[in-house]
Amino acid sequence: MAYTLVTGASGGIGMELAKEFARNGHNLIIAARTSDKLEMLKTDLEKKHNIEVEVFVADLSCEEERNRLYSYTQSHNMEVEILVNNAGFGDSNAFLDAAWERQRNMVELNNLALMHLTYLYGNEMKKRGCGKILNLSSVAAFSAGPYMSIYYASKGFVLSFSEAIHEELKGSGVTVTALCPGPTATGFEKNAEMKNTKTTRKFARKLARKLN
Ligand SMILES: NC(=O)c1ccc[n+]([C@@H]2O[C@H](COP(=O)([O-])OP(=O)(O)OC[C@H]3O[C@@H](n4cnc5c(N)ncnc54)[C@H](OP(=O)(O)O)[C@@H]3O)[C@@H](O)[C@H]2O)c1
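All residue numbers here refer to positions counted from 1 along the written sequence of the relevant chain. Totals for whole chains, interfaces and linings use every residue, but because this is a predicted model, local features are given only for residues with pLDDT of at least 70 and side-chain atom pairs only at 80 or more, for both listing and counting. The basis for every side-chain value is the complete set of heavy atoms in the structure, and neither hydrogens nor water enter the calculation.

K.L.:
Even after reading the chapter, I still don't get the site of the ligand, so can you show me in this structure?
P.N.:
Nearness of a residue to a molecule or strand requires only that one of the residue's heavy atoms be within 4 Å of it. Close to the ligand lie 30 residues; Arg-33, Thr-34, Tyr-151, Thr-184 and Thr-186 are nearest. Backbone polar atom of Gly-8 to an oxygen atom of the ligand: 3.0 Å apart, as the coordinates give it. In protein, a polar contact means a hydrogen-donor-capable atom and an acceptor-capable atom, both N or O and within 3.5 Å, with residues adjacent in sequence counting only if both atoms are side-chain atoms; elsewhere, any N or O pair within 3.5 Å suffices. Tyr-151 places a side-chain nitrogen or oxygen 2.6 Å from an oxygen atom of the ligand. Residue-level accessible areas treat just the shown protein chains as cover; the underlying method is Shrake-Rupley with a 1.4 Å probe. When the ligand is considered free in solution it has 880 Å² of accessible area, and contact with the protein chains removes 92% of it. For helices the rule is a DSSP run of H or I covering at least 4 residues; for strands it is a run of E covering at least 2, with both sets numbered from the N terminus onward. Elements supplying a minimum of two residues to the shell around the ligand: α1 (12–23), α5 (149–168) and α6 (188–191). Here the term charged refers only to Asp, Glu, Lys and Arg, the term nonpolar to Ala, Val, Leu, Ile, Met, Phe, Trp, Tyr, Cys and Pro, and the term polar to all other amino acids, Gly among them. Partitioning the shell around the ligand into residue classes produces twelve nonpolar, 15 polar and three charged.

What follows is the structure, encoded as structure tokens:
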């Protein structure tokens, strides 16, 4: 059976995307770490729409967990026809003051997980001659981000990577799209501990003055 796989579907943008796919009749695999939120979403969507929703609880920043997800879908004959690489987070700190583990984890989730799932499911799609991959980038992809340097760079990576492989896959039946939202009210700001937004705004104003 064909499915749309949405990572980070337990809240925010991922949950809204999952709801939209459900409204359009897609069966879903929803993945994130928080089991109860995913189960609630499954119950809600299966009640409202004539679709199947599979919950997959995983920390996608771990390679073994991503392999487990892939093996699960393979062994259950779940064809991922649309992959939405949405799971991601930010961190607000000067790079040298930030916790190393958190920065590493951010790159692992925002970039490596996205690359890895694209690699695994992208190859399946290419073999079938059809499929769609939607990668969550950000407006942050278009500039440097002092006090959120790794986050901004991670989103630049997502945009550049997506554009490049979209080109490589031309004619294969597989498309790759990067979504670049601006600030959106979700759990993101709290998770990123964005206490430096004032500083970032001050920097942006200074930069704008210099460019004038
Ligand atoms: N909000 C914005 O202003 C904004 C703007 C541009 C781009 N974006 C991008 O949009 C995407 C979604 O962000 P959001 O704003 O919706 O943030 P959010 O509300 O914090 O949601 C993040 C989602 O990712 C999941 N997640 C986090 N760490 C994970 C992990 N290790 N393994 C698996 N799932 C994990 C979270 O679920 P669990 O905690 O249950 O794991 C949650 O479902 C991100 O890639 C973000 O960079 C956001």
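Read on for the rest.
K.L.:
Hey, could you run me through the pattern of salt bridges in this one?
P.N.:
Proximity of charged atoms lets side chains of opposite charge pair with each other. Salt bridges are counted wherever a side-chain nitrogen of Lys or Arg sits within 4 Å of a carboxyl oxygen of Asp or Glu. Scanning all chains against the criterion turns up eleven salt bridges. Here Lys-42 ties to Glu-46 by a salt bridge, and the two come within 3.2 Å at their closest N and O atoms. Of this pair, Lys-42 and Glu-46 are both found in helix α2 (residues 35–48), four residues apart, which corresponds to roughly one turn of the helix.

K.L.:
Looking at this structure, how should I read α2?
P.N.:
An α-helical segment advances 3.6 residues per turn. Residues three or four places apart therefore align on the same side. To estimate how far a helix should extend, the number of its residues minus one is multiplied by 1.5 Å. Over its 14 residues, α2 extends 20 Å from the first C-alpha to the last, a length consistent with the 20 Å expected when each residue adds 1.5 Å. When we look at burial in α2, the residues that qualify are Leu-38, Leu-41 and Leu-45. Taken end-on, α2 shows its buried residues confined to a sector of 60°, consistent with a single buried face. Every exposed residue of α2 that faces more than 90 degrees away from the buried side is listed here: Met-40 and Lys-47. In this structure, the buried residues of α2 make contact with α1, β2 (28–32) and β3 (53–57). Burial classes follow relative accessibility: with a 1.4 Å probe on protein chains only, a residue under 20% of its type's maximum area counts as buried, one over 50% as exposed, and anything between as partly exposed. Arc definition: it is the arc formed by the directions from the helix axis to the C-beta atoms. Should any heavy atoms of two residues lie within 4.5 Å, those residues are counted as being in contact.

K.L.:
Hey, could you run me through the packing of helix α3 (residues 63–75) against helix α4 (residues 100–128) in this one?
P.N.:
The axes of two packed helices give the description: the angle between them and the distance between them. Two numbers describe how α3 lies on α4: the axes approach to 11 Å, and their chain directions differ by 25°. On the basis of the axis angle, α3 is roughly parallel to α4. In this structure, α3 meets α4 at a crossing whose hand is right-handed. In this structure, α3 uses Glu-63, Arg-66, Asn-67, Leu-69, Tyr-70, Thr-73 and Gln-74 to contact α4, whose residues at the interface are Glu-108, Leu-112, Ala-113, His-116, Leu-117, Leu-120, Tyr-121 and Glu-124. Its residues placed into classes, the contact of α3 with α4 shows seven nonpolar, four polar and four charged. A fitted line through C-alpha atoms represents every axis, and for helices the fit uses only the stretch in contact; the resulting angles, taken between N-to-C directions, go from 0 to 180 degrees. The labels follow the angle: roughly parallel below 35 degrees, roughly antiparallel above 145, roughly perpendicular from 65 to 115, and oblique for the rest. Here is the rule for handedness: rotate from the far helix to the near one, and if that takes an anticlockwise turn smaller than a right angle the crossing is left-handed, while a clockwise turn gives right-handed.

K.L.:
Sorry, what's going on with the nonpolar core here?
P.N.:
Note on soluble globular proteins: their nonpolar side chains tend to be buried together. Joining through side-chain atoms within 4.5 Å is the link that ties buried Ala, Val, Leu, Ile, Met, Phe, Trp, Tyr and Cys residues into a set, and such a set is a nonpolar core. Counting 31 residues, the largest nonpolar core has Leu-5, Ile-29, Leu-69, Val-80, Leu-83, Tyr-121 and Met-125 as its most contacted members. Those elements that provide at least two residues to this core are β1 (2–7), β2, α3, β4 (79–85), α4, α5 and β6 (174–179). Element by element, the count of residues in this core is highest for α4, at seven residues. When neighbours within four sequence positions are excluded, Met-125 is seen to be in contact with Val-80, Glu-81, Ile-82, Leu-83, Cys-130, Gly-131, Lys-132, Ile-133 and Val-174.

K.L.:
I'm lost on the packing of α4 against α5 in this one. Help?
P.N.:
Here α4 crosses α5 at 10°, and the two axes come no closer than 9 Å. Taken together, α4 and α5 sit at an angle that is classed as roughly parallel. The segment α4 lies against α5, with Gln-103, Met-106, Val-107, Asn-110, Asn-111, Leu-114, Met-115 and Thr-118 engaging Ile-150, Tyr-151, Ser-154, Lys-155, Phe-157, Val-158, Phe-161 and Ile-165. Here the contact of α4 with α5 is composed, by residue class, of ten nonpolar, five polar and one charged.

K.L.:
It is not clear to me how the packing of aromatic side chains should be interpreted in this structure. Could you clarify?
P.N.:
What describes a pair of aromatic rings is the distance from one ring centre to the other and the angle between the planes of the rings. Ring geometry is summarised as follows: Phe, Tyr and Trp rings, the Trp one being its six-membered ring, pair when their centres sit within 6.5 Å, and such pairs are stacked at plane angles under 30 degrees, edge-to-face over 60 and tilted between the two. Under the definition given, this model contains five aromatic pairs. Look at Phe-157 and Phe-161: their rings are 5.9 Å apart centre to centre, the planes differ by 20°, and that puts the pair in the stacked class. Residue Phe-157 and its partner Phe-161 are both found in helix α5; the two are separated by four residues, about one turn of the helix. A connected cluster of aromatic rings, assembled from ring pairs, spans Tyr-151, Tyr-152 and Phe-188.

Interpretation note: all reported values are geometric properties and have no functional meaning in isolation.
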